[in-house]
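Structure at a glance
So you can see what is in the structure, the chains are spelled out below.
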Amino acid sequence: MDPSMKFKGEMGLAPFVTSSDLLQRSWKVISDLDGGKVSEEGEGVSWYYNKDSDVRIIAFKAKQVSDPQPDLVTSSDLKEKMLFYDFDFLRTESNPIFSVNNTAVSLFIENLNKLNQLKSEIDSSKTLIVTGHALGGSVASLFTISLLNSIDSGKNRPLCITFGSPLIGDNGLQQAISRSSNWNSCFLHVVSHKDPLPRLFITNHDSQTNAYMPFGTFLLCSDENSASFENPGSILRLLRKFDSEHDENQGSQPVKYGEIVNILKQRTLFKDLSTLPEDITNTDTEDETNTLLGRIGACLLPKKNPVQTQHRRSGGTNTYTLLASIILPLSALGLPTAMEPEDMKEYVAKMTKDEEKREEMMSRLVFDPYVNLNVRKIDMVKLEWYKKESKDRNIGYYDSYKKMLLESDKEADMFKKKLTDYWVKMVEVAETKPQKEGSNFRKRWLGAGTNYRRMVEPLVIAKYYKVKGNKDYVTEKRPKHFKMLEKWLKEGTTEDTICPLTIALLKKNVEALLTKDSCFWAHVEEALLSCKELKDAQEDEETMKKLVEFEDYVYGQLKIYEVSPEIFLAESSYMLWWNEYKAIKGASYNSELARFMNDATNLEQYAEGAYDFP
């Protein structure tokens with residue numbers, strides 16, 4: 001049994017764990033550790049590895065009595081000190097730096113050799129729970145994170161259960177864990193409303209500015225009941241609420257988590273949302289919980305109508321179901337009855353915004369790059385036919401699309417949008433993957449991404465320069481996903497020069513050639529703008545220098561057959577530039593490009609792959 005595979009999201013994790021005996025078994029091993037059963041004594045930390053059952057449990061105990069300090073240390077600072085390789089896999093291109101609590105990570109690093117030995121003793125075929133109380137739970141979380149890098153999809157993932165532990169990292173760490181639902185579902189944090197330690201690093205500011213951020217699922221416990229949450233913003237709000245209502249006179253009294261887990265075993269945390277009334281604003285309902293939903297729902301929502309009942313987000317969750325999913329757990333904690341109606345209305349509204357933001361983020365994370373790849377390949381084939389059809393009209397697909405006069409141009413625009421939506425999401429997925437995994441992931445589809453970039457970016461450029469006054473596409477307006485696709489291709493290319501064999505292959509397939517530099521047409525458009533500037537200003541040394549540089553660039557690309565022969569078609573923007581440039585330079589102008597361009601036979605031979613540059 002793999003506990004982390006049994007649940008998905010906050011509505012499944014806590015009920016599964018509490019309805020089983022995993023909480024009791026975890027706390028039992030912590031109690032055994034407190035009672036002297038120790039597998040290893042480390043620096044400031046001890047642990048007990050219980051291997052005597054079907055579920056293996058490792059419990060950590062921190063010997064430090066005083067509260068941990070709130071200072072954070074960045075992953076880059078630790079890496080410079082050669083101390084953080086166990087967690088380097090969490091870094092991604094979009095999230096390169098994160099921070100962790102200095103007290104907790106120092107304990108982990110001081111015991112690194114012994115913890116590595118502990119890892120070697122773990123049987124990955126068995127179910128593993130890693131647990132700990134207070135600061136011991138922080139060490140348990142770090143140890144679990146360090147295990148994630150070496151556990152593939154064919155092995156059981158660990159389940160980390162902490163009791164009354166402080167938060168251990170910032171927003172960067174939270175994003176690193178939460179980007180994977182599999183990773184996020186490995187952490188369950190049990191927190192009593194009477195325990196000050198889990199609230200230690202939480203300020204009274206807005207959740208977006210708090211230095212520390214939670215990850216995983218939090219099982220929040222009041223005197224009467226419990227509820228689970230996974231949304232980081234909602235967790236912070238509730239922990240702050242616990243803090244504001246906490247009786248300071250009880251602060252020194254230890255929280256009896258053993259009693260809490262026994263009580264949780266006997267209680268049902270949530271009612272199934274499918275049992276909710278069709279209209280939660282109906283205040284005539286006899287059920288106490290549904291009456292509460294109706295009272296708060298009536299404050300936040302108007303009466304239902306056909307528009308309001310439509311699913312308003314991609315996941316299909318409507319307004320009423322979302323509201324219920326927030327109010328039900330709040331009701332379990334007794335918050336609605338303890339707050340004034342207007343305060344509750346504002347509180348629920350803020351949590352609703354938190355949940356909507358999380359749903360938007362999760363919709364990006366669940367994007368499956370393989371599901372629609374074959375469909376997008378069909379769109380690419382259709383663009384290739386569009387390219388061929390435009391060439392037959394002696395214009396080229398770049399300029400045909402730019403003019404947008406035919407029905408085929410409009411269809412090409414539709415294919416372009418579909419492909420762009422797909423590859424923007426694909427790049428986002430690649431950026432959020434750990435470095436090693438991300439590198440392997442990119443290698444699998446980078447060829448298709450490169451073909452997309454070389455086919456579609458010219459259309460993006462055409463649309464951009466069609467608007468009068470637009471300029472500087474490459475330096476100012478180029479979309480990020482094109483930059484990343486080009487960057488990753490260069491990182492995977494080992495040859496700095498083009499060998500004769502490569503040129504021969506390009507010449508042989510020149511008819512189907514896509515221009516290698518997907519920004520080629522942007523350079524053409526900038527050259528056309530430069531020609532216009534020269535006409536208006538008569539003489540401009542800097543502008544002329546740009547034109548000469550562009551001329552050298554074009555000839556260099558032609559020599560190695562990295563430019564499609566479509567640029568020589570009569571209605572091509574490139575030919576428009578060449579004619580204007582030649583008029584500026586004069587009939588007697590002599591250069592390598594001029595000698596090539598002034599002989600129509602050269603252009604014909606290039607288009608056939610038969611021209612040999614001197």
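Points about the overall build of the chain
Each helix and strand in the chain was counted, giving 26 helices and 10 strands. The buried share of the chain, reckoned over its 614 residues, is 51%. Residue pairs in contact within the chain that sit at least 24 positions apart in sequence constitute 74% of those at least 6 positions apart. Of the roughly 29,500 Å² of accessible surface on the chain, 50% is carried by carbon and sulfur atoms.

Considerations on unusual backbone geometry
Phi is positive for Asn-394, which is not a glycine, with a value near 65°. For Asn-394, a relative accessible area of 35% gives the class partly exposed. One non-glycine residue with positive phi stands out, namely Asp-472, at about 55°. Positionally, Asp-472 belongs in the loop between helix H18 (435-466) and helix H19 (473-477).

Describing the sheet that holds strand E1 (residues 40-41)
Reading across the sheet, the eight strands line up as E1-E2-E3-E6-E7-E8-E9-E10 and stay open at both edges, with mixed pairing between neighbours. Either end of the sheet is taken by a strand with one partner, and the two such strands are E1 and strand E10 (226-229). Where strand E7 (residues 159-163) lies against strand E8 (residues 187-192), four bridges are found, and the strand directions are parallel. The residue of E8 that forms the bridge with Ile-161 is Leu-188.

Focus: the packing of aromatic side chains
Per the counting criterion, the structure on display carries 39 aromatic pairs. Residues Tyr-398 and Trp-521 carry aromatic rings whose centres are separated by 4.3 Å and whose planes lie at 10° to one another, so their mutual orientation is stacked. Remark: Trp-521 occurs in helix H22 (residues 520-537) and Tyr-398 occurs in helix H16 (residues 397-403); sequence separation between them is 123 residues. Of the residues examined, Tyr-398 reaches a relative accessible area of 1% and is grouped as buried. With a centroid separation of 6.2 Å and 75° between ring planes, the pair formed by Phe-596 and Tyr-606 is classed as edge-to-face. Residue Phe-596 is found in helix H25 (residues 592-597), and its partner Tyr-606 is found in helix H26 (residues 600-607); the two are separated by 10 residues along the sequence. Both residues of the pair, Phe-596 and Tyr-606, belong to the buried class.

Here's the deal with the pattern of salt bridges
Per the counting criterion, the structure on display carries 20 salt bridges. Between Lys-417 and Asp-413 there is a salt bridge, with its nearest N and O atoms 3.4 Å apart. Of this pair, Lys-417 and Asp-413 both sit in helix H17 (residues 407-432), four residues apart, roughly one helical turn. Since its relative accessible area comes to 43%, Lys-417 is described here as partly exposed. Asp-413 sits in the buried class, given a relative accessible area of 13%. Here the salt bridges share partners, and the residues they tie into one network are Arg-453, Glu-457, Arg-478 and Glu-486.

Things to note about a negative patch on the surface
Negative charge collects at one region of the surface, where Glu-541, Glu-542, Glu-549, Asp-552 and Glu-592 lie side by side. When residues in the negative patch are grouped by element, the largest group, four residues, is from helix H23 (residues 541-559). Relative accessible area serves as the criterion here: at 73%, Glu-541 is assigned to the exposed category.

Section: the pairing of E10
Taking every second residue as pointing to the same face, both faces of E10 are buried, with Ser-226 and Ser-228 on one and Ala-227 and Phe-229 on the other. Pairing between strand E9 (residues 217-221) and E10: four bridges, direction antiparallel. When the bridges of E10 are listed, Leu-219 appears paired with Ser-228.

What to know about the side chain of Ser-572
Structurally, the position occupied by Ser-572 is in the loop between H23 and helix H24 (573-585). Among the polar contacts listed, one links the side chain of Ser-572 to the backbone nitrogen of Tyr-574, at a separation of 3.0 Å. Setting aside its immediate chain neighbours within four residues, Ser-572 contacts Ile-395, Asp-399, Trp-521, Glu-566 and Ile-567.

Examining the environment of Phe-415
You can see Phe-415 is positioned in helix H17. With a relative accessible area of 10%, Phe-415 lands in the buried category. Each C-alpha atom of the pair Phe-415 and Lys-382 lies 7.7 Å from the other, and the pair is 33 residues apart in sequence. Other than its neighbours up to four places away in sequence, Phe-415 contacts Asp-379, Lys-382 and Leu-383.

Observations regarding the confidence of the model for the chain
Put simply, the chain has an average pLDDT of 79, and 73% of its residues get 70 or more. Considering only residues more than four positions removed or in separate chains, one finds that residues 1-11, a stretch of pLDDT under 50, has 35 contacts. Ignoring residues within four places in sequence, the model shows residues 268-317, a span with pLDDT below 50, making 92 contacts including any to other chains.

Observations regarding the packing of helix H4 (residues 102-110) against helix H6 (residues 135-148)
Packing of H4 against H6 brings their axes to within 9 Å, and their N-to-C directions diverge by 60°. The two elements H4 and H6 cross, and the hand of that crossing is right-handed. Contacts between H4 and H6 involve Thr-103, Ala-104, Val-105, Leu-107 and Phe-108 from the first element and Leu-135, Ser-138, Val-139, Leu-142, Phe-143 and Ser-146 from the second. For the contact of H4 with H6, the residue count by class is eight nonpolar, three polar and no charged.

Focus: the packing of H17 against helix H20 (residues 480-491)
Running from N to C, H17 and H20 point in directions that differ by 60°, and their axes come no closer than 9 Å. Compared by their axis directions, H17 and H20 come out oblique. As H17 runs across H20, the sense of the crossing is left-handed. The residues of H20 that touch H17, namely those facing Thr-420, Trp-423, Val-424, Val-427, Ala-430 and Glu-431, are Lys-480, His-481, Met-484, Leu-485 and Trp-488. Here the residues of the contact of H17 with H20 are counted per class, giving seven nonpolar, two polar and two charged.

Rules of the game
- Starting from 1, residues in each chain are numbered consecutively following that chain's sequence as written.
- Whole-chain, interface and lining totals are the exception, using all residues; otherwise, since this is a predicted model, local features are given only for residues with pLDDT of at least 70 and side-chain atom pairs are given and counted only at 80 or more.
- Values reported for side chains reflect all heavy atoms of the structure, with hydrogen atoms and water molecules removed beforehand.
- Secondary structure follows DSSP: runs of H or I at least 4 residues long count as helices, runs of E at least 2 residues long count as strands, and numbering of each begins at the N terminus.
- Throughout, exposure labels follow a simple rule: accessible area from a 1.4 Å probe, protein chains only, divided by the maximum for the residue type, with under 20% read as buried, over 50% as exposed, and the rest as partly exposed.
- Here, residues are in contact when the closest pair of their heavy atoms is within 4.5 Å.
- What sets the accessible areas is the Shrake-Rupley method with a 1.4 Å probe; for residues, cover comes only from the shown protein chains.
- Strand pairing follows a simple DSSP-based rule, namely that at least 2 bridges must link the two strands.
- Ring pairs are drawn from Phe, Tyr and Trp, using the six-membered ring of Trp, whenever the two centres fall within 6.5 Å, and their geometry is named by plane angle: stacked under 30 degrees, edge-to-face over 60, tilted for the rest.
- For this document, the term salt bridge refers to a Lys or Arg side-chain nitrogen within 4 Å of an Asp or Glu carboxyl oxygen.
- To count toward a patch, a residue needs a relative accessible area over 30% and no salt bridge; like charges are then connected within 9 Å, while nonpolar side chains (Val, Leu, Ile, Met, Phe, Trp, Tyr) are connected within 5 Å.
- When charges are tallied, Lys and Arg are placed among the positive residues and Asp and Glu among the negative ones, while His and the ends of the chain are skipped.
- Positions of charges follow a simple convention, taking NZ of Lys, CZ of Arg, CG of Asp or CD of Glu.
- Each polar contact in these results corresponds to two N or O atoms within 3.5 Å; when the atoms are within protein, one needs to be able to donate a hydrogen and the other to accept it, and residues that are neighboring in sequence are counted only if both atoms are side-chain atoms.
- What pLDDT conveys is the predictor's confidence in a given residue, as a value from 0 to 100.
- Fitting a line to C-alpha atoms yields each axis, with helices limited to the stretch in contact; the angle taken between N-to-C directions then spans 0 to 180 degrees.
- Helix crossings fall into two classes, left-handed where the near helix is turned counterclockwise from the far one by less than a right angle and right-handed where it is turned clockwise.
- By the convention adopted, Pro, Cys, Tyr, Trp, Phe, Met, Ile, Leu, Val and Ala count as nonpolar, Lys, Arg, Asp and Glu as charged, and the other residues, Gly among them, as polar.
- Oblique is the label for any angle not under 35 degrees, not over 145, and not in the 65 to 115 range, which are roughly parallel, roughly antiparallel and roughly perpendicular in turn.

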